[in-house]
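# Observations on chain architecture
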Amino acid sequence: MNGALAAGTGTLSGGKAGRPDEPMDSEYYTGAVSDEYASTNGAVTISDGGVTFTYKQFYGGYSLGTVSENSITINGGSFENGCSFLGAYGFSAATGNTLTITGGSFGDENNFWGGSAWNTVSGNSIIISGGSFGINNKFCGGYFGNSISGNTLTISGGTFGDKNEFYGGYSSNGTVSGNTVKFSGGFFSGGWDFRNIFYGGYSENDNVTGNMIEISDGTFKGENYFYGGYSKSGEASGNIVKISGGTFMTFEESIRSIYGGGTLNGGAANYNEITILDGEFNAVYVNGVSAGGGGEATGNIVNIFGGTFNDVDFYAADTSGNAYSNVLNISGGIFQGGCQFYATCLSSGKIAENNELNITGGTFDDGYQLYGGVASSINTGNILNLKIKMGGKATCVENFQIMNFTLPSDIAKDDIMLSTASVTFDNTTIGVDADNGVKLKKGDIITLIAADSKNGDISNADAYVLDNKTYNDYLLDKIILGYNKIEADIVLLDQGFVDEEFTADALNKEVILSLCAAKSKALSLGDKESQKCLLLLLLWLY
């Protein structure tokens, strides 16, 4: 066969059919071929035709050296099982090769590579806008080499079964960096026990850095896992998942997760990120990182700006090792169905230090849960920064060593910042700040935390001021402990008592007071089950 495929199945342009090391039979369909050093500008185009291909291989270019700028375009056809489609394959390097699919029926256990080589694989791409795909298929922008970088997998349409794998870049032994998977459409159906899995970048034995998954649309049903970057035996750092749209839903009892980065065998997972701007999420885990095998997690961030979330769990980091300075930011979105928010979650006896949960916006139904860490860990300096009135009632608030409340500009007399069925303090220090525009009058009472039950103690540390700054003009004068409330006197040290109205502007828009148990014993609320734990901020202004 030379210059064309079998009758009715499409066209072949450039080079010849067959590989230099194989007989020229119908097992292989190849564009440009070189048995020496380079293969460039080969092209294979396949359109719908009446032949079904099984266990065939298609190459845009093939070389024992370098392959570049070769392509395969598939506009239709029937490919039953076990076929391979490669923009190009080279022993040395593969750069700038492309596999494009606009239609066709593809069965099971097929391989789709933009470019593949033993050494450098960069700038290759797969572009899929249509077609139907069965199960156990693998899609990879750049595959196999010792250095995998800058490859892309872009999907805007098509239907995909379960147990499929999607990679921007994949390496068995090398580094994987700067690869991207992009979704702007498509329907992906994971099964009850069989998942689809998506990686911006993946390495078996080396580091994975700066890879990304971007999702602007698409429907992901059942078990689907997403990793900005994942290393089985190396480190994962600086990988990103960014979601601006799409629908993420699951079957009952199935598992589904979105991770900025992940490791398995003890590698560190640091500075990975998830950003969600919009989308619909049902029963999903959103996790900055998953670090297995005792790997540490440091500086990972989850940012939630919008979207609708039902029964979703959020983690800045989830690790079997120590966790330091991970951050979960919630600034918008609708949260319902018992969402859970963790500054960090880690194995028993490990250290959770200086992790943060920041809530500056969003709408919360009853039943949500807030955690600084888990009780079995060694928790130090984990922070809740709350800058809105939460609205719905939490099930529990636990294991924060610092709880900061910034009164929003619309705060009013008798408002409650945070209502919960249960609060567990961990020698907790409570700090208070105010947003611009806060205006409260003499004797107004604002409840920081209203809880049906309370465990643990407030810190007996000295004065606590937000942001580790010292303000000489305003300070908490004293704590007055009532039976079921904490009252705070505020004084203006240089000028006596404050004026008629209490405003953030009048206080130079700085910290207005700090609330702690500095001059008293730990709060005691008695033994009666019916008693309410009301932690009250009484602005007692003279």
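These numbers were taken from a predicted model, which means no experiment stands behind them. (Residues numbered from 1 in each chain as written. Predicted model: local features only at pLDDT ≥ 70, side-chain atom pairs only at ≥ 80, totals over all residues. Heavy atoms only, no water.)

## So, the overall build of the chain
Condition: To qualify as a helix, a DSSP run of H or I must reach at least 4 residues; to qualify as a strand, a run of E must reach at least 2; elements of each kind are numbered from the N terminus. Note on classification: 1.4 Å probe, protein chains only; a residue is buried when its accessible area is under 20% of the maximum for its type, exposed when over 50%, partly exposed between these limits. Note on contacts: a residue pair is in contact if any heavy atoms of the two residues lie within 4.5 Å. Each accessible area is a Shrake-Rupley estimate made with a 1.4 Å probe; only the visible protein chains count as cover when residues are assessed.
Each helix and strand in the chain was counted, giving 0 helices and 63 strands. Evaluated residue by residue, the chain yields a buried proportion of 56% over its 542 residues. Of the contacts made within the chain by residues no fewer than 6 positions apart, 80% connect residues no fewer than 24 positions apart. With an accessible surface of roughly 20,200 Å², the chain has 45% of that area assigned to carbon and sulfur atoms.

## Here's the deal with unusual backbone geometry
In most cases, non-glycine residues show a negative phi, while peptide bonds are predominantly trans. Despite not being glycine, Glu 69 has its phi angle at roughly 60°, a positive value. Turning to its location among the elements, Glu 69 is positioned in the loop between β7 (66–68) and β8 (71–74). With a phi angle near 90°, Phe 144 is a residue other than glycine that sits in the positive phi range. With respect to the helices and strands, the residue Phe 144 is situated in strand β19 (residues 138–144). A residue is classified by how much of its surface remains accessible, and Phe 144, at 23% relative accessible area, is partly exposed.

## Thoughts on the environment of Phe 53
One can find Phe 53 in strand β5 (residues 52–53). Note on Phe 53: relative accessible area 4%, which makes it buried. Along the chain, Phe 53 and Ser 78 lie 25 residues apart, while their C-alpha atoms are 6.3 Å from each other.

## Things to note about the pattern of salt bridges
Using the following cut-off: Think of a salt bridge as a Lys or Arg side-chain nitrogen and an Asp or Glu carboxyl oxygen that are within 4 Å of each other.
Within this structure, the stated rule accounts for 4 salt bridges. Ionic pairing is found between Glu 204 and Lys 232, a salt bridge with its closest N-O pair at 3.7 Å. On the criterion of sequence distance, the pair formed by Glu 204 in the loop between β26 (196–203) and β27 (208–209) and Lys 232 in the loop between β29 (224–231) and β30 (236–237) is long-range, its members being 28 residues apart. Of the residues examined, Lys 232 reaches a relative accessible area of 31% and is grouped as partly exposed. Residues Lys 393 and Asp 452 are paired through a salt bridge, measuring 2.7 Å at the closest nitrogen-oxygen approach. Here Lys 393, found in strand β54 (residues 393–394), pairs with Asp 452, found in strand β58 (residues 445–455); they are 59 residues apart in sequence, far enough to count as distant. Residue Asp 452 is classed as partly exposed on the basis of its relative accessible area of 27%. Residues joined by salt bridges that share partners form a network here, namely Lys 389, Asp 410 and Asp 415.

## Side note on the packing of aromatic side chains
Short version of the rule: Centre distance within 6.5 Å is the pairing criterion for rings of Phe, Tyr and Trp, where only the six-membered ring of Trp is used; planes under 30 degrees apart are then read as stacked, over 60 as edge-to-face, and the remainder as tilted. A ring is considered to have a charge above it if a Lys NZ or an Arg CZ atom is located within 6 Å of its centre and within 35 degrees of its normal.
All chains considered together, the criterion is met by 59 aromatic pairs. When the centroid spacing of 4.7 Å and the interplanar angle of 0° are considered together, the rings of Phe 248 and Phe 281 count as stacked. Of the two residues, Phe 248 sits in strand β32 (residues 247–249) while Phe 281 sits in strand β36 (residues 280–282), which places them 33 residues apart along the sequence. Exposure class is identical for Phe 248 and Phe 281. Each is buried. The ring of Tyr 225 has Arg 195 lying over it, and the distance from NZ or CZ to the ring centre is 4.2 Å.

## Describing the environment of Gly 168
Locating Gly 168 in the fold gives a position in strand β23 (residues 165–171). A residue is classified by how much of its surface remains accessible, and Gly 168, at 0% relative accessible area, is buried. For the pair Gly 168 and Asn 151, spaced 17 residues apart in sequence, the C-alpha separation works out to 5.8 Å. The residues touching Gly 168, leaving out its near neighbours within four places in the chain, are Gly 141, Gly 142, Asn 151, Thr 152, Asn 179, Thr 180, Val 181, Tyr 199 and Gly 200.

## Observations regarding the environment of Gly 90
Within the fold, Gly 90 resides in strand β11 (residues 89–90). The buried category is assigned to Gly 90, whose relative accessible area is 0%. Taking the C-alpha atoms as reference points, Gly 90 and Ser 63, separated by 27 residues in sequence, lie 4.8 Å from one another. With residues up to four places along the chain from it excluded, the contact list for Gly 90 reads Ser 63, Gly 65, Val 67, Ser 116, Ala 117 and Trp 118.

## Focus: the nonpolar core
It is characteristic of soluble globular proteins that their nonpolar side chains tend to be buried jointly. We count it as follows: Side-chain atoms within 4.5 Å are what join buried Ala, Val, Leu, Ile, Met, Phe, Trp, Tyr and Cys residues into a set we call a nonpolar core.
In terms of nonpolar packing, the biggest core is built from 78 residues, with Phe 314, Phe 341, Leu 357, Ile 359, Leu 370 and Leu 418 touching the most fellow members. Looking at which element gives the most residues to this core, the answer is strand β56 (residues 416–434), with 7 residues. The residues touching Ile 359, leaving out its near neighbours within four places in the chain, are Ile 330, Phe 364, Leu 370, Leu 384, Asn 385, Leu 386, Lys 387, Ile 388 and Met 390. Tyr 59, Leu 86, Tyr 199 and Tyr 227 belong to the second largest nonpolar core, which has 15 residues in total.

## Description of the pairing of strand β13 (residues 98–101)
Threshold: What makes two strands pair is DSSP finding at least two bridges between them.
Note: β8 against β13, 4 bridges, orientation parallel. Bridge pairing in β13 places Ile 74 opposite Ile 101. Pairing between β13 and strand β17 (residues 125–128): 4 bridges, direction parallel. Its bridge partner being in β17, Leu 99 is matched across the sheet by Ile 126.

## Focus: a nonpolar patch on the surface
How we decide: Excluding any residue in a salt bridge, patches collect residues exceeding 30% relative accessible area, merging like charges within 9 Å and nonpolar Val, Leu, Ile, Met, Phe, Trp and Tyr side chains within 5 Å.
A contiguous nonpolar surface patch, about 290 Å² in accessible area, is contributed by Leu 64, Phe 91 and Trp 118. Counting through the fold element by element, Leu 64 comes out in the loop between β6 (57–63) and β7. For Leu 64, a relative accessible area of 38% puts it in the partly exposed group.

## Overview of the confidence of the model for the chain
What counts is decided by this rule: What pLDDT reports is the predictor's confidence in each residue, on a scale of 0 through 100.
Residues of the chain with pLDDT of at least 70 account for 74%, and the chain-wide mean is 78. Predicted confidence is poor over residues 1–26, with pLDDT under 50, and the contacts of this stretch with residues over four places away or in other chains come to 66 contacts.

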